[in-house]
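One letter stands for each residue in the lines below.
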Amino acid sequence: MLLGITLLYVGAVLVLNSIWLAGRIEDREIIVINVAVAAISISVALGLALGAIDQTGMRDAAMTLLFAITYGWVAYNRAAGCNGRGLGWFSLFVAITVLPMVFIVASPSLWGLWMAASWAAWSVLWFIYFLELGLGWNIRKLTVAATFATGVLTGWLPGLLYLHGATP
């Protein structure tokens, strides 16, 4: 169930962040969902770490914390008025760090293929944030579209399916 909860709220924050990036939500308003999802992700990561019986459980906790830190950083940047350059460089670190997950979770099952595709999409999305925030590339339309699509396809819809019993 932790996966379903995490995916649902990752989907929510990505969809709302895409709307914010498109200029339809104020900076101050986007803080709430980012703080909430950072807190949820931290709670899930702690649960995973405390319940870990092997290296896999700790790895899953560490990967979940990458999401939590990202959303916490977005909230901080909006509250403090930062330009996001530091978050951009962190996003490069994350994009590289999560790449092995594409191969670790891949399996011939539909769920395994979806999980591998999701990790690949998340890596690409973090890399896009690096390009826009870290390097200052003017790719806002791409960033908005990629954030929205990733939110719906890797978070919101799978989270709903998982929570409603459509699990592997």
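Naming follows an unreviewed UniProt entry, where the chain appears as Transporter protein of Aliiroseovarius zhejiangensis. You can read under Sequence similarities (unreviewed entry) in the UniProt record for the chain the words "Belongs to the AmiS/UreI family." Recorded in UniProt for the chain, the comment headed Subcellular location (unreviewed entry) runs: "Cell membrane".

The next subject is the overall build of the chain. Secondary structure summary: the chain contains 7 helices and 0 strands in total. For the chain, the succession of helices and strands along the chain, N to C, is α-α-α-α-α-α-α. Computed over C-alpha atoms, the radius of gyration of the chain comes to 15 Å, within 12% of the 15 Å expected from 2.2 N^0.38 for 168 residues, which places it in the range of a compact globule. In terms of its C-alpha atoms, the chain occupies a principal-axis envelope of roughly 40 × 30 × 30 Å. Considering only residue pairs separated by 6 or more positions, the chain has 67% of its internal contacts joining residues 24 or more positions apart. As presented, the chain carries roughly 8700 Å² of accessible surface, and 72% of it is formed by carbon and sulfur atoms. The chain carries 7 positive and 6 negative side-chain charges, and their two centres are separated by 9 Å.

Moving on to helix α7 (residues 140-163). In this model, α7 (24 residues) spans 32 Å end to end at C-alpha, consistent with the 34 Å of a helix rising 1.5 Å per residue. Along α7, the sharpest change in direction is near 40° and occurs at Val152. Of all the residues in α7, the buried ones are Thr143, Val144, Ala146, Thr147, Thr150, Gly151, Val152, Thr154, Gly155, Pro158, Gly159 and Tyr162. Directly beyond the C-terminal end of α7, a positive phi value near 95° is found at Gly165.

A few words on a nonpolar patch on the surface. A cluster of nonpolar side chains, namely Ile42, Leu46, Leu50, Leu65 and Ile69, defines an oily patch on the protein surface of about 480 Å² accessible area. If you list the elements that add at least two residues to the nonpolar patch, you get α2 (27-51) and α3 (55-80). Of the residues forming the nonpolar patch, the biggest block, 3 residues, is contributed by α2. On the secondary structure map, Ile69 appears in helix α3. We classify Ile69 as partly exposed; its relative accessible area is 41%.

What counts, and at which threshold
Residues numbered from 1 in each chain as written. Predicted model: local features only at pLDDT ≥ 70, side-chain atom pairs only at ≥ 80, totals over all residues. Heavy atoms only, no water. UniProt positions renumbered as here; feature names shortened; annotations may be inferred. Helix = DSSP H or I, 4+ residues; strand = E, 2+ residues; numbered from the N terminus. Rg over C-alpha atoms; globule rule 2.2 N^0.38 Å. Contact = heavy atoms within 4.5 Å. Areas by Shrake-Rupley, 256 points an atom, 1.4 Å probe, with all protein chains shown as cover. Lys, Arg positive; Asp, Glu negative; His and termini not counted. Charge placed at Lys NZ, Arg CZ, Asp CG, Glu CD. Expected span 1.5 Å × (residues − 1). Bend = angle between axes of the 7 residues up to and from the residue. Buried < 20%, exposed > 50% of the residue type's maximum accessible area, 1.4 Å probe, protein only. Patch = residues over 30% accessible without salt bridge, like charges linked within 9 Å, V, L, I, M, F, W, Y side chains within 5 Å. Salt bridge = Lys/Arg side-chain N within 4 Å of Asp/Glu carboxyl O.

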